[in-house]
Amino acid sequence: MSEHLKTNNALIKWIDHRLPVFSMMNETMIDYPAPKNLNYWWNFGSLAGFALVVMIVTGIVLAMQYTAHVDYAFNSVERIMRDVNGGWLIRYIHMNMASFFFIVVFIHMFRGLYYGSYKAPREILWMLGVVILLLMMATAFMGYVLPWGQMSFWGATVITNLFSAIPVFGEAIVVWLWGGFSVDNPTLNRFFALHYLLPFVIVGVVVVHLWALHRFGSNNPLGIEANGQQDKIPFHPYYTVKDAFGVGVFLLAFSGFLFFAPNFLGHPDNYIPANPLVTPAHIVPEWYFLPFYAILRSIPDKLLGVVAMFASIGILFILPWLDRSPVRSAKFRPVYKWFFWLFFANCILLGWVGQEAAEGLPLILGRLATAWYFIHFLVVLPLLGVMERPKPLPVSISEPVLSGGGGLAAAAAKPMEKA
Amino acid sequence: MKKFVLTAAAAAVTLGLGIGAASAAEALKAPSKTWSFSGVFGTYDQAQLQRGYQVYKQVCSSCHGMDLIAFRNLADLGYNEDELKAIAAEYEVTDGPDEFGDMFDRPARLSDYFPSPFANAQAAAAANGGAAPPDLSLVAKARVGGPDYLYALLTGYEDDVSEEVLQQIFETETHKREVQYAAAMEAYEVRLAKYQEKVKTDPTAKEPAMPEDPGPVESVEDLGLPDTASFNAYFPGYGIAMAPPLSEDIVEYADGTPATLSNLSADVSAFMMWAAEPTMDQRKQMGIKVILFLLVFTGILYAAKRKCWADVH
């Protein structure tokens, strides 16, 4: 192991011989070979890791000042905003980074969909990512309950009630989740405990996600395996500097919201203390749940609605086996490319429907969009795998990247670069 | 208990799945106004906040509490410590228990929070026709439109809004009623046809009642607001329990600013915005510095990236 580690430091050598932690860091973050043609869409994985760390650090600081009790939670958050030194900054970072974490992860996933990163041999890598998404959603939902505003309370009431749709045991499960007969102090307490726990579970799954990633290395925009060393570059300094630049751009966009519109992505009703006797006119989840909320509401049957909502994420687990095309990248899949963008637009549409009242045009569009969401996975992808004629693949990563002409493969790949 | 859980579950799911029934209570969208604190470089105007505090103290505070604001916080408005102590000392707060176990009243100190106008929520509700006036500490962040909405609301009573605004509301409401009436008539026709069929065999069948044409909305009276409510163009449903609180010269400004309705409303809305977001000035100033730093830092990283990658492409 340690033969790759170049150091003259005797202490490091001594430690590394007994605990090869420096060798491991060297192999995973410095010498780690990555395809040389990764584009900026590959920045979003490291950005997601960055967001996770920011969430955990700010969250731990907030937990030192927060009181998880129905009588004090709302005011303890306001004390953080008003009286704790820098409290407003920490709290606004935590609040807005939650949204940005989802933006980053959604982009990361759409990148995976576009370039076929879920295909063999990276199926488990992809599935671990879906597990991370589910954990993030649970964590975000419980975090939104903690300030104990009107949306916290009513959002918690609506979402926990979804479990009552489970036949026979539904009611009992909901009472068990609440720790009582309504959303109340026991609910708030357990949500706080779990909201503190789950991020560390996410860290654990992220480690396994990276482990699976490093087994075969990153996919790349061409979707072909790297052919030996000429197609690869060491992670450091190439991707460390590129990822650092990505973090800079990300922080610029984030700062725009953080400092100049920190409540833009939130809901005004959550600045009203929770009141079980007054229902808000519109109970709307956070924006990142809207597409899933739209799927839930577009199905008139409660149980089927809940099933469809969970299935919309569950279906991602079997995606590697639904998409039968041997070609990964949409660059070489002329028909899939169009369906990808259609699917993307469909997700945006679902998000819009999710914040509208479930009646009239939004309801109809929501039903169509929900149907399309599942048709895309269950019908379009399996059929495309058989019917689509992919464009010829380049022979290697180096050829289309390096040469301006010449080889057959490069000539074939060149016009597609524009896409 | 089980029944309660079932009902709660049913209610919540109906809420979750059937949102939108509440959209009947719409109101006009508050027009956006230019504030001293608007935009990236906007900051609070201390003189305006002081005037707004005066309006709150002399008018609003008789019904609305501001539980999250302490007298020490008013330093943000530009008062010095002696002035703050004098402001606080005008209030009596209950403290204790003392060494004999008795509660006692004393003048407020800087660390005390604004005293509530009512002993508790029940007392507040009882004194205000059943609905407790909301606390104003966070109201500027707890309403869609924020300070724009508050200003629009305070200047949105019947005598103060323009004829244009009234006409706009009347037209929307008339249209809404026409749509509802048409739907009701359609349903009536169906029921009538059924009745005419049924009455042939069963003479005791009841003839359905014809829906009444609500007619157009041509005046505030036509809106049919409850007697206890005042018309307000910007309040959801147009009927607000709060009677017009402000009027010209209700307050005599210490700095000589004319106490027009517009000034009173703008000043107190700005004050409420400050109360909801006292760290806004600090936040924006920090934001400008952070963004300038990030622009340079990211620029350097980009240059480093370009240089580092020069040999790859």
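Residues take numbers from 1 onward in each chain, read along the sequence in its written order. Chain labels run from A onward and ligand labels from 1 onward, assigned in the order the entries are written. At least 70 in pLDDT is required for a residue's local features to be given in this predicted model, at least 80 for side-chain atom pairs to be given and counted, and no such filter applies to totals for whole chains, interfaces and linings, which use all residues. The side-chain figures draw on all heavy atoms in the structure; neither hydrogens nor water molecules are used.

Points about the overall build of chain B
Strands are runs of DSSP state E lasting at least two residues, helices are runs of H or I lasting at least four, and both sets are numbered from the N terminus onward. The helix and strand tally for chain B stands at nine helices and four strands. Start at the N end of chain B and walk to the C end: the helices and strands fall as α-α-α-β-β-α-α-α-α-β-β-α-α. For chain B, whose C-alpha radius of gyration is 28 Å, the value lies well above the compact-globule estimate of 20 Å for 313 residues. Residue burial in chain B is summarised as follows: out of 313 residues, 39% are buried. By definition in these notes, contact holds between two residues if any of their heavy atoms fall within 4.5 Å. For chain B, contacts bridging at least 24 residues in sequence account for 66% of all contacts bridging at least 6. Methods summary: accessible areas were calculated by the Shrake-Rupley approach with a probe of 1.4 Å, and residue burial reflects only the protein chains presented. A total accessible area of about 17,500 Å² is found for chain B, and carbon and sulfur atoms account for 57% of it. Only the C-alpha atoms count toward the radius of gyration. The rule for a globule is 2.2 Å times the residue count to the power 0.38. Summary of the burial criterion: residues with accessible area below 20% of their type's maximum are buried, those above 50% are exposed, and those between are partly exposed, where the area comes from a 1.4 Å probe applied to protein chains only.

Let's talk about the overall build of chain A
Check the secondary structure of chain A and you find 17 helices and two strands. Against the globule reference of 22 Å for 419 residues, chain A gives a C-alpha radius of gyration of 24 Å, in line with a compact fold. Structurally, chain A occupies a C-alpha span of about 75 × 60 × 45 Å along its principal axes. Counting across all 419 residues of chain A, residues that qualify as buried make up 51%. The contacts of chain A with a sequence gap of at least 6 include a subset with a gap of at least 24, amounting to 78%. Surface exposure of chain A reaches about 18,900 Å², of which carbon and sulfur atoms provide 72%.

A word on the nonpolar core
Only buried residues count toward a nonpolar core. Its members are Ala, Val, Leu, Ile, Met, Phe, Trp, Tyr and Cys residues joined through side-chain atoms within 4.5 Å. Core analysis: the largest hydrophobic core is formed by 178 residues, its most contacted members being Tyr53 and Leu74 of chain B. Sort the elements by how many residues they give to this core and helix H5 (residues 87–114) of chain A lands first, with 16 residues.

Here's the deal with the interface of chain B and chain A
Contacts between chain B and chain A engage 50 residues on the former and 57 residues on the latter. When two components associate, each loses some accessible surface as probed by a 1.4 Å sphere; the sum of these losses over both components is called the buried area. Across the chain B/chain A interface, buried area totals approximately 4,600 Å², and carbon plus sulfur atoms make up 72% of it. Here, a salt bridge means any Lys or Arg side-chain nitrogen found within 4 Å of an Asp or Glu carboxyl oxygen. Our count for the chain B to chain A interface comes out at one salt bridge. Notably, a salt bridge pairs Asp83 of chain A with Arg72 of chain B, separated by 3.3 Å at the nearest N-O pair. Nitrogen and oxygen atoms within 3.5 Å of one another constitute a polar contact, given that in protein one can donate a hydrogen and the other can accept it, and given that sequence-neighbouring residues count only through two side-chain atoms. The interface formed by chain B and chain A includes nine residue pairs in polar contact (both at pLDDT 80 or more). At the level of secondary structure, the elements contributing two or more residues to the side of chain B that touches chain A comprise helix H1 (2–17), helix H5 (139–142), helix H8 (261–276) and helix H9 (280–309) of chain B. Per-element tally for the side of chain B that touches chain A: the top contributor is H9 of chain B, with 17 residues.

As for the pattern of salt bridges
Residue and element names in this part refer to chain A. Counting across every chain of the model gives 19 salt bridges over all chains. As a salt-bridge pair, Asp323 and Arg333 come within 3.1 Å of each other at their nearest N and O atoms. Of this pair, Asp323 sits in the loop between helix H13 (319–322) and helix H14 (334–355) while Arg333 sits in the loop between H13 and H14; the two residues are 10 residues apart in sequence, bridging distant segments of the chain. With respect to class, Asp323 is no different from Arg333; both count as buried. As a salt-bridge pair, Arg333 and Glu388 come within 2.8 Å of each other at their nearest N and O atoms. A residue pair is termed long-range when its members are at least 10 positions apart, and Arg333 in the loop between H13 and H14 and Glu388 in the loop between helix H15 (360–387) and helix H16 (398–402) qualify at 55 residues. Side by side, Arg333 and Glu388 carry an identical accessibility label, which is buried. Here the salt bridges share partners, and the residues they tie into one network are Lys119, Asp323, Arg333 and Glu388.

Thoughts on the environment of Thr7 of chain A
As for its placement among the helices and strands, Thr7 of chain A is situated in the segment before helix H1 (10–18). From its side chain, Thr7 of chain A meets the backbone nitrogen of Asn9 of chain A in a polar contact 3.0 Å long.

Observations concerning the packing of aromatic side chains
Pairing of aromatic rings covers Phe, Tyr and the six-membered ring of Trp, with a centre-to-centre limit of 6.5 Å; geometry is then stacked below 30 degrees between planes, edge-to-face above 60, and tilted otherwise. Counted according to the given criterion, the structure contains 54 aromatic pairs over all chains. Measuring from centroid to centroid gives 5.7 Å for Trp148 of chain A and Phe153 of chain A, while their planes differ by 90 degrees, and the two rings are edge-to-face. When its relative accessible area of 6% is taken as the criterion, Phe153 of chain A is described as buried. An angle of 85 degrees between the planes, with centres 6.3 Å apart, marks the rings of Trp35 of chain B and Tyr151 of chain B as edge-to-face. Of this pair, Trp35 of chain B sits in the loop between H1 and helix H2 (46–58) while Tyr151 of chain B sits in helix H6 (residues 146–154), and the two are 116 residues apart along the sequence.

In short, geometric facts, not functional conclusions.
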